[in-house]
Every structure is written in structure tokens, then in C-alpha cells.
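Letter by letter, the chains look like this.
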Amino acid sequence: MSESRLRHLLSVDDLGGRGGIERMLDRTEEFLAVTHREIPKIPALVGKVVVSLFYEDSTRTRLSFETAAKRLSADTMTFSVSTSSVKKGESLLDTVQTIEAMGIDAIVVRHQAAGAPRRVTEWTDAAVINAGDGRHEHPTQALLDAFTLRRHRQGSLDGTRVAIIGDIVHSRVARSNVKMFAALGARVTLVGPPTLMPESLVGWPAEVHHDLDEVLAESDVVYLLRIQQERIAGGRFPSLREYTARWGLNAARAARLKPDVVVMHPGPMNRGVEIASEVADGPYSVILEQVANGVAVRMAVLYLLAGGAEHEEAA
Amino acid sequence: MSESRLRHLLSVDDLGGRGGIERMLDRTEEFLAVTHREIPKIPALVGKVVVSLFYEDSTRTRLSFETAAKRLSADTMTFSVSTSSVKKGESLLDTVQTIEAMGIDAIVVRHQAAGAPRRVTEWTDAAVINAGDGRHEHPTQALLDAFTLRRHRQGSLDGTRVAIIGDIVHSRVARSNVKMFAALGARVTLVGPPTLMPESLVGWPAEVHHDLDEVLAESDVVYLLRIQQERIAGGRFPSLREYTARWGLNAARAARLKPDVVVMHPGPMNRGVEIASEVADGPYSVILEQVANGVAVRMAVLYLLAGGAEHEEAA
Amino acid sequence: MSESRLRHLLSVDDLGGRGGIERMLDRTEEFLAVTHREIPKIPALVGKVVVSLFYEDSTRTRLSFETAAKRLSADTMTFSVSTSSVKKGESLLDTVQTIEAMGIDAIVVRHQAAGAPRRVTEWTDAAVINAGDGRHEHPTQALLDAFTLRRHRQGSLDGTRVAIIGDIVHSRVARSNVKMFAALGARVTLVGPPTLMPESLVGWPAEVHHDLDEVLAESDVVYLLRIQQERIAGGRFPSLREYTARWGLNAARAARLKPDVVVMHPGPMNRGVEIASEVADGPYSVILEQVANGVAVRMAVLYLLAGGAEHEEAA
């Protein structure tokens, strides 16, 4: 058994397989308990500085990481890079080296280019957390989804049937979650238009299906991806109306779901497109639990990576 | 006598009439004293998170709330929504639910639509504070104005003659302040071009006058509203030059004011338009006191709403 | 000997000559030691509020000041003024008075107009720190450069030969650094195209040379300025290619440098223009040390100016 400390979190693969993932989820339970205290703040990261380095807009993910950092008593700073300042600005290399030279302990990176966070690790000793890179990965999203699901599945995803629905090929959430759910023993089915599916399933431990209605009745979990409306012009995409008719989770489809089904969405939702409002706000939905658990997951990740915690095993 | 705790602050009406307003002003005195300490910071809100949710730009109001929150040891985060991200973004409902799911304790909302903060209260258990909604209300502005004025009027506004001057009908500051000053016993006169006055005085406990020069000599308080230059094109507005000539407070007019008059402005000022620089910086002006008191008022409001303080009475 | 307390830092001249500069550098050593502690944070400025008032974009300088302020336990707020809000907005005077009325302790100002920070001092009792004003000065940059250099020159710059290379006349960094290095006993040579040199050397205690290759071999320190690409269109500037050929520090030139030379750059770099990547990342470069020392320098400055520290002597 090899033993290594988690230094960065770039991909679900970094977590060390099922054992490592489960340890992280167990840790998250402890931090979730902290968030329920009357004073939900602990001095774990006093004096540590966490920088959000966001080359893509995402208030939601940034606020979640910043809330997590503040609950750990870290100082936070934001480095939001608009397109214009990228143009006239310095390279990613120089930005990262500059930030690190200031004595920053963790860098949360979102970037439109797959692989950018990995490059960042080559240039810094700070802990690097991938908050979404191109079509590649979004590992804290997968962790919070797994955490949420485990709580709704009596502690285990073994044999759970998960349908992930939408624009799979362009989605880092799908890519991370397929790895995550499969590692935890779930059976994943990808559903959506053929043009939005991966050409090969290498690296995607999942099945593919194109007819949502055939899949729904057997699914324990229905995971809807956000439709990127800017993709529709690209030709690979059906019209929004056709998409909603064939792959949207509306009330009629929801009526045929299993009674203990769990409906998930990473947000932000396009209500009326991939999910109807009555489903988003309905009894099966755990969407707001996902958000709440996201803070606890990010507390666990920041604590382990920026906190100089004891060595963690990875299988 | 009904007793209820103040959960949100959306309107001057929420404060519970004269009794409730006066208790809030008394509280503010205590927090003003805190701001004068050598270390002007108390641990009242440690572990609480206050989010500024601003759909309209206002650095001034946002900094005032954030300073107040930091002086109470709360953590603060900003969610500034530019027009572009609203377009592609999620609904106000989803934004609010997402923020709340992260475990936020208070949401300070500024929005261009009247009533938006009230809708926010339907979607969250966090305390909601209206920092200005469309033409509707801006209750913390009214509180800080009343607080400032009470200090200059020997503790009581009873019988004080207040002139509020400018574009009344479009002004949330006017609407909140008329209610506030009237509730505290002042006599309010609205002054400005007829086209910028409310069509009916229902809900406006005030008189209307169009000739500033007739009103000035009798006023104990002259409250100037900011002229929104973008309104001038609308046709209801005289030219800027005509406005300044007839309703601007210049040095000549200031010379005819009562010796103990108080000149107020909510800021930011258009110097040379609704107020001349020598008046803004002159002996009657309490404009910077308004700003300073604004931090203390917002400390009192945040403390009561986010702090889980003991139950407050409202008449 | 006159004695006065440093209230603002607008120019290298404010530091009180060699004695005052050396005391500030000695102080910086103490704060650098703080940044190397396991918990690099001290409660020196608890309850103080530091506002960054930036009328020009500079994430790098802003983050450095904010990191410094947070390591001193101050609260920080940012007031970034985009061009658009300046247009519709309030004057610098009103912004400063408003910020001060909120009870802010220090204002870090960056402004495109030379002299703007000095005007700010006329309107506020808060400590004002110039973080770059037009072509005028950038005193904390000069302090961090002197601090970095002193450590590499066995504690003294006496007799050190410093070449500063680039667009001298438009550079506030050059202006502050010439004063700084000369005050500490160094001999400064300015190098670059004649059109980019000051017309007179009054106020520039330095020599001028146009041929980089003649200067390099004798230099103990090579300080490269960032080429502002937007200046090239102005006619006073050679083509980028010509500039790089004649005044860029490439590997061939670096090979002829003294073995103990120090290569500096204030960042952000234009790699391949004024400096080649292999030089920027090579053994002579102390560029990242400059960044790291910048946080310690700004801690020292903020501590002295916002901290109500004991009276400091200035010669």
C-alpha cells in the first residue's frame, strides 16, 4: 500500500480511489457538523491566505469556496481576470508565481482551458484546487454530489443507478461525476442527443442511452446538466424546444420516477429547459442540499490541502 | 400591545412606528460609541456571514454596510450582478436560494425593481435588508438621516420643518424619509418641479410646494436629493440649468436660511447642480455626519437582524 | 535635528532621507520575519480598516497591500473605480470624504494623475499611501526594491552601480527608484532610447547612457522597466523589435554580466520584450524576491501609518 499526501486536487483521480474518496466524504461529515454550530467557524486556517484565481465567471462556486475558507478563519482574496486584462496582462505563469511569492497558501483555479490547474502546480508550492477547467474536471462538484447522494442512499452508492442527462461531451461536471460515481460502485447511464455524447467511452465508465423515457423508470438518481445556451448555435445541438421536449425533466416525466428517486443539478438551472420549476422545487429535488454540502466539502478540501494536516493515505 | 421580532428591514413601516424607530435610534447611539473606541470592533457577529447582493451599482452604500459588518466581526461577501451576467444568469430566486443554502445569515439587497427585497424574504430564512429598491424605499438611509437630525434637534423632531427638494416621485430616499420624519413628528414639505411630484399625496404625509424661495426661510432642515442626470432626457425634467436656477441650493439662497438650519444630502452630490460647493462644505452641512452615522445605523440593524438578539418589541 | 512623524507616504522624499529610509528597511526585516512564521499574522491593526482606492487597474499591487493588511489583522475593502463609474460618478473629493467619514484608517491610492494622492491628504485625516500616481512616484515599489537589493549587497548600496533600463520619462517606478537608490549611496545610470529619457536631469540624481552594451559589464544591478506597449504608437518609441534588439536583456547580453549581478523587474514582465524568459527565470533574477519583500514592506508602512505607532524620527 502506497501512502502519499494529497497536495493538490485537480481531478477525481487524485483522491486515491474509493478509499480516498470515502475518507474525504467522512471528513466532510465533520465539517458539515461545524457549519451547524451556533458559531460555525473554527480557527483551523488562521493566518492562511486562499486566493480565488478565476479566469471564468462563477459567483456561485467562488462564494462557496470563500464561505468555506472564512469558516476555517482563512483570509481570502479574489483575482478575477476579465478578458480585457488577460489581453494586455501577464501570463498565467507570472500571475501564479507572483501570487505565490506573496505567501499565499492555496489557489483555487477556474480556467477555460483544460489542464490549466495542472500547469499551475508546476509553478507553485501552494496547494492548487481545480474549480473547473474547460471540459476537463470539477472535482469538488463531484465530491459534493457524492456526499449528498451517499446521505440519501443509506451511506452507500453500490448498485445505485444514476442517469446523467444533457450535453455530456462538453461537461466537466459529467466527466468528474462519472468517475466519482463509478468509483463508489454506482452504475452510470449517460443520456442525451447523440451529438452531445463522447465519441468513445474510454475514460467514461458508463453506458450511453438516447431515450430518456426508457431510462427514467429504472433510475435511482436523475442528474440534470445545465444547458449552455451559447452552445445551441453550434449545429450539434437541437433547438431548445426540441431539447426540452425530449430530454427535459418535466412534471409528466417526474410522475413516472421511482418514489425514492433523487433529482440533482449542479446549478445554475435553466428552469423550463432541462428542468421544470415544479421538479426543481419538488420533493425529489436535493439541489439546495448540494449547495449546502458544497461548503462543507470545500472546508474539508481546504483544510487538508492548506492546513498542513497530518499525512493522508491514498490507496 | 403586540410583540414581534424584527426579522427583515424592507421599509420604514417595518420598524413599528415611532416607538420602534426611537428604540432603533437609541441602539444606534450605542454602536456609534463603539465606532469611537480605540479598537472600534466588537465580536457580536463572529461566524455570521453577510452577503451584499447588489443588482445596482453603489459603492458608497455597499462600503457602509461592509464596514458595519466588519466592525461587528461578521464575514462579508459581495455578489455584484452586472447586467451581462443577469442576462445569461440565473433567476433572483435561484440566486437567493443558493446564497441561503451556503448558510448566509443576512442578505443586503439593492435592486432596480421595487419590491424585489420583499420577494427575497419569501425565499430565504436569512435576514433581508433593503438597501434601495427601485423607487420604493431605502430604510437605512432614512434611519441614518433621522439619527443625524435628532442629534441636531436636541433629541426630538417634533414640530421640525423639513423641506425635501428635488425629483420626489422617482426617489426612494424621499419616500422613506417622508414616512420617517412624519412618524417622528416633523412637518415635511416636498419642493420641486410639478412634473416631479407625486400625483397624489396618499402615502406621502407631507405638503407640496413649488417655490423653493418661499419655503427656505421657514425650514429647519433642507434636504436635497441627488439629481439623476439620466432622467433629464425624459421630458418631465427642466434643463439642468433651469433646475439649478430654481431649485438648487446656492450661496445666495443659503444666506437666507435660518441660523440653526441643517443641510442634508444622501450623496453622491452633483456639486453645482442641486447644491453649490460652498454650501456642501459650509457650516450648515451635516453631509459627512450622515455618512459616519450610516455605519452606526447599519451596525444596529445588522446586529438586531443577524445577531439572534433578544426579542424586540414593535408597537 | 527635526523630528516628525510620518503621516502619509506619497514620495520617497517623505521618508526622511537615508536615515529614515534605513529605519524603514530595518523595520521591514522584522515584518519579513513575521511572514515566515508558521502563523504569519499579528494583531497589530485589529479594528483598523484599510481601503484600496484604485483608479487604475493593478491586481498585483492591490493584492500585495491587501495581503499585508490582512497579515496585520486589519479589515480591508476595495473601491475600484472603472472609467464608466468615474464618468457618472462623484468627484475624488467626495469619494475621499465619504470613505473617511466611515471611519477608515488608511487609504491606498492608485491614480492616473500625478499628485492625486497629495490632494487626497488635504481632504482626510486617514493615512494616505501612494500606490502609484501617473508618472510621478511609487514609493513602496522603491522601498521593496531597496530592501531586496540591500539583502543582496551585504547590507549596503554604497557605490553599487545600478542601471535602470527602458522608458524612463514615463515611469513612476524609475522616478522613485532613482531617488531611493541615490539616497542610499548607489550610482544610477539611466539607459534607453533618447526620446524616452528626461529632458533635464534636475531631480534625477543619475547619469544617462544610450548604449546598453557599454553599461552592462560594469553594472552590479540591472533594473528593467516594463515596456508599456500602448506607448509604442506615440512616435517617440522605436518598434518593439528594435527596442528588444537594442535594449532588451536577452541571454547573449546576460552572459556578459558580472557574476554577482542582480537582475530586477517591477512586474508585470513582457517576456521576450524587455527581458528574455531565460533571464527572468535565471540565476541572477530576484524578481520573485521583490514580490515577496513587497508584502513585508507594505506591512511596515501600514503599521507605521495606520497603527498609531510611537513617533518616528525623520531627519
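Small disclaimer: the values here were computed from a predicted structure and weren't measured.

S.K.: Sorry, what's going on with the interface of chain B and chain C here?
M.R.: Accessible area lost during the coming together of the parts is what is often quoted as the interface size. Across the contact, 22 residues belong to chain B and 20 residues belong to chain C. In this assembly, chain B packs against chain C so that about 1,800 Å² is buried in total across both faces, 59% of it on carbon and sulfur atoms. In this structure, the salt-bridge partner of Lys41(B) is Asp75(C), at a minimum N-O distance of 2.8 Å. Along the contact surface separating chain B from chain C lie six residue pairs in polar contact (both at pLDDT 80 or more). Broken down by secondary-structure element, the contributors of at least two residues to the side of chain B that touches chain C are helix H2 (59–71) and helix H12 (287–306) of chain B. Top contributing element to the side of chain B that touches chain C by residue count: H2(B), with nine residues. Split into classes, the residues belonging to the side of chain B that touches chain C amount to nine nonpolar, three polar and 10 charged.

S.K.: Before we go on, may I ask you to explain the packing of aromatic side chains in this structure?
M.R.: Two descriptors summarise a pair of aromatic rings, namely the distance from one centre to the other and the angle between the planes of the rings. All names here are of chain B. Applying the stated rule across the entire model yields nine aromatic pairs over all chains. Ring centres 5.4 Å apart and planes at 55° place the aromatic pair Phe31 and Tyr303 in the tilted group. A residue pair is termed long-range when its members are at least 10 positions apart, and Phe31 in helix H1 (residues 17–35) and Tyr303 in helix H12 qualify at 272 residues. Of the residues examined, Tyr303 reaches a relative accessible area of 23% and is grouped as partly exposed.

S.K.: Any chance you could explain the domain arrangement of chain A here in plain terms?
M.R.: Residues and elements named next belong to chain A. Once the domains are mapped, chain A shows domain 1 (3–138 + 294–314) and domain 2 (139–291). Look at where the C-alpha atoms of domain 1 and domain 2 centre, and you get two points 25 Å apart. The interface is formed by 34 residues belonging to domain 1 together with 29 residues belonging to domain 2. Remark: the boundary between domain 1 and domain 2 carries six salt bridges. In this structure, Asp158 and Arg18 form a salt bridge, with 2.7 Å as the shortest nitrogen-oxygen distance.

S.K.: I would appreciate a short explanation of helix H4 (residues 92–101) of chain B in the present structure.
M.R.: Structural remark: α-helix, 3.6 residues per turn; residues separated by three or four positions point the same way. With nine of its 10 residues buried, H4(B) lies for the most part within the structure. Along H4(B), the residues classified as buried are Leu92(B), Leu93(B), Asp94(B), Thr95(B), Val96(B), Gln97(B), Thr98(B), Ile99(B) and Ala101(B). On its buried side, H4(B) packs onto helix H2 (59–71) and helix H12 (287–306) of chain A together with strand E1 (49–54), strand E2 (75–80), strand E3 (106–111) and helix H5 (116–123) of chain B. Within two residues after H4(B), Gly103(B) carries a phi angle of roughly 95°, on the positive side.

S.K.: I'm lost on the sheet that holds strand E4 (residues 127–133) of chain B in this one. Help?
M.R.: Strand pairs in the sheet, formed through backbone hydrogen bonds, run parallel or antiparallel to each other. All names here are of chain B. With respect to topology, four strands assemble into an open sheet ordered E2-E1-E3-E4, the strand pairing being parallel. Of all the strands in the sheet, the pair left with one neighbour each is E2 and E4. Taken pair by pair, the neighbouring strands of this sheet meet at an average axis angle of 15°, ignoring direction. Here six bridges tie E1 to E2, and the two strands are oriented parallel to one another. Bridge pairing links Phe54 to Ser80 in E2.

S.K.: How should I be thinking about the relation of the copies chain B and chain C in this particular structure?
M.R.: Between the two copies of the chain lies a rotation about an axis combined with a shift along it. Note on the identical chains: chain B maps onto chain C by a rotation of 120° and an axial translation of 0.1 Å, with an RMSD of 0.0 Å. Look at the turn and shift together and you get a three-fold axis relating the two.

S.K.: Sorry if this is basic, but what is going on with the environment of Ala114(C) here?
M.R.: All names here are of chain C. Mapping Ala114 onto the fold places it in the loop between strand E3 (106–111) and helix H5 (116–123). Remark: the alpha-carbon pair of Ala114 and Leu240, spanning 126 residues in sequence, is separated by 27 Å. Among all residues touching Ala114, those that are not within four sequence positions of it are Asp133, Gly134 and His136.

S.K.: Just to check I follow, could you spell out the interface of chain C and chain A for this structure?
M.R.: On the side of chain A, 21 residues touch chain C, which itself brings 23 residues to the contact. Counting the surface lost from both chain C and chain A, the interface buries some 1,900 Å², and carbon and sulfur atoms represent 58% of this. Inspection of the chain C/chain A interface yields two salt bridges. Summed over the shared surface of chain C and chain A, the number is six residue pairs in polar contact (both at pLDDT 80 or more). For the side of chain C that touches chain A, the secondary-structure elements that each account for two or more residues are helix H2 (59–71) and helix H12 (287–306) of chain C. It is H2(C) that provides the largest number of residues to the side of chain C that touches chain A, a total of nine residues. Among the residues making up the side of chain C that touches chain A, the classes are represented as nine nonpolar, three polar and 11 charged.

S.K.: Whenever I open this one, the sheet that holds strand E3 (residues 106–111) of chain A confuses me. Can you help?
M.R.: Residues and elements named next belong to chain A. With parallel pairing, four strands are arranged side by side in an open sheet as E2-E1-E3-E4. One side of each edge strand has no neighbouring strand; the edge strands of this open sheet are strand E2 (75–80) and strand E4 (127–133). Within the sheet, the average angular offset between the axes of one strand and its neighbour, ignoring direction, is 15°. In the packing of helix H4 (residues 92–101) onto the sheet, the strands contacted are strand E1 (49–54), E2 and E3, and the crossing angle to E1 comes to about 165°.

S.K.: Help me understand the side chain of Asn270(A) in this model?
M.R.: Of note, Asn270(A) is situated in the loop between strand E9 (262–264) and helix H11 (277–280). Once you skip the residues sitting within four places of it in the chain, Asn270(A) turns out to touch Arg226(A), Ile227(A), Gln229(A) and Ile275(A).

S.K.: Would you mind going over the side chain of Thr28(A) with me for this structure?
M.R.: Mapping Thr28(A) onto the fold places it in helix H1 (residues 17–35). Here Thr28(A) is in contact with Phe147(A), Ala296(A), Val297(A) and Ala300(A), once residues within four sequence places are set aside.

S.K.: Explanation requested: the pattern of salt bridges in the structure shown.
M.R.: Once their charged atoms are close, side chains differing in charge can pair, the charge on each being opposite to the other. One pass over the full model with this rule turns up 53 salt bridges over all chains. Between Asp26(B) and Arg150(B) there is a salt bridge, with the nearest N and O atoms lying 3.0 Å from each other. Separated by 124 residues along the polypeptide, Asp26(B) in helix H1 and Arg150(B) in helix H6 (residues 139–152) bring together distant segments of the chain. Here Asp26(B) falls in the partly exposed class, since its relative accessible area comes to 41%. On the basis of relative accessible area, Arg150(B) is assigned to the buried category, the value being 12%. One salt bridge connects Arg151(C) with Glu29(C), and the closest N-O pair in it is separated by 2.9 Å. Taken together, the residues Arg151(C) in helix H6 (residues 139–152) and Glu29(C) in helix H1 (residues 17–35) connect sequence positions 122 residues apart. A residue is classified by how much of its surface remains accessible, and Glu29(C), at 27% relative accessible area, is partly exposed.

S.K.: Sorry, what's going on with the pairing of strand E6 (residues 187–191) of chain C here?
M.R.: The two faces of the sheet receive side chains in turn, since in a regular strand these alternate between them. Residue and element names in this part refer to chain C. A large share of E6 lies buried, amounting to four of its five residues. With five bridges connecting them, strand E5 (residues 161–165) and E6 associate as parallel partners. The partner of Ile165 across the bridge, within E6, is Val191. Taken together, E5, helix H7 (residues 172–183) and E6 constitute a β-α-β crossover, and its handedness is right-handed. Pairing geometry for E6 and strand E7 (residues 207–209), over three bridges, is parallel. The residue bridging Thr189 from the neighbouring strand is Glu207, located in E7.

S.K.: Got a minute to help me understand unusual backbone geometry in this structure?
M.R.: With the exception of glycine, most residues fall at negative phi, and the peptide bonds are largely trans. A cis amide bond, omega -15°, links Gly267(B) with the succeeding residue Pro268(B). Summarising the element assignment, Pro268(B) is placed in the loop between strand E9 (262–264) and helix H11 (277–280).

S.K.: Looking at this structure, how should I read the confidence of the model for chain A?
M.R.: For residues with low pLDDT, the predicted coordinates do not support detailed interpretation. Residues and elements named next belong to chain A. Per-residue confidence for chain A gives a mean pLDDT of 91, with 92% of residues at or over 70. Note that pLDDT drops below 50 for residues 83–88; the model gives that stretch four contacts with residues more than four away or on any other chain. pLDDT under 50 marks residues 310–315. Its contacts with residues more than four places away, or in other chains, come to 18 contacts. Complex prediction metrics read pTM 0.92 and ipTM 0.88.

S.K.: Looking at this structure, how should I read the packing of H6(C) against H12(C)?
M.R.: Packed helices, taken two at a time, are described by their axes: the angle between them and the distance between them. All names here are of chain C. H12 packs onto H6 with a crossing angle of 120° between their chain directions and a minimal axis gap of 8 Å. In terms of axis orientation, H6 runs oblique to H12. By crossing handedness, the relation of H6 to H12 is classed as right-handed. Across the interface between the two elements, Thr140, Gln141, Leu143, Leu144, Asp145, Phe147, Thr148 and His152 from H6 touch Glu289, Gln290, Asn293, Gly294, Val297, Arg298 and Val301 from H12. Within the contact of H6 with H12, the residues separate by chemical class into five nonpolar, seven polar and three charged.

The rules behind these values
Residues numbered from 1 in each chain as written. Chains lettered and ligands numbered in written order. Predicted model: local features only at pLDDT ≥ 70, side-chain atom pairs only at ≥ 80, totals over all residues. Heavy atoms only, no water. Contact = heavy atoms within 4.5 Å. Buried area = accessible area lost by both parts, 1.4 Å probe. Salt bridge = Lys/Arg side-chain N within 4 Å of Asp/Glu carboxyl O. Polar contact = N/O pair within 3.5 Å; in protein donor to acceptor, adjacent residues only side chain to side chain. Helix = DSSP H or I, 4+ residues; strand = E, 2+ residues; numbered from the N terminus. Nonpolar A, V, L, I, M, F, W, Y, C, P; charged D, E, K, R; others polar. Phe/Tyr/Trp six-rings, centres within 6.5 Å; stacked < 30°, edge-to-face > 60°. Buried < 20%, exposed > 50% of the residue type's maximum accessible area, 1.4 Å probe, protein only. Domains from an automatic or database assignment. Pairing = 2+ DSSP bridges. Axes fitted to C-alpha atoms, helices over the stretch in contact; angles between N-to-C directions. Least-squares fit on C-alpha atoms with pLDDT ≥ 70 in both. Right-handed = clockwise from strand over helix to strand, strands pointing away. pLDDT = per-residue confidence, 0-100. Parallel < 35°, antiparallel > 145°, perpendicular 65-115°, else oblique. Left-handed = near helix turned anticlockwise from the far one by under 90°.

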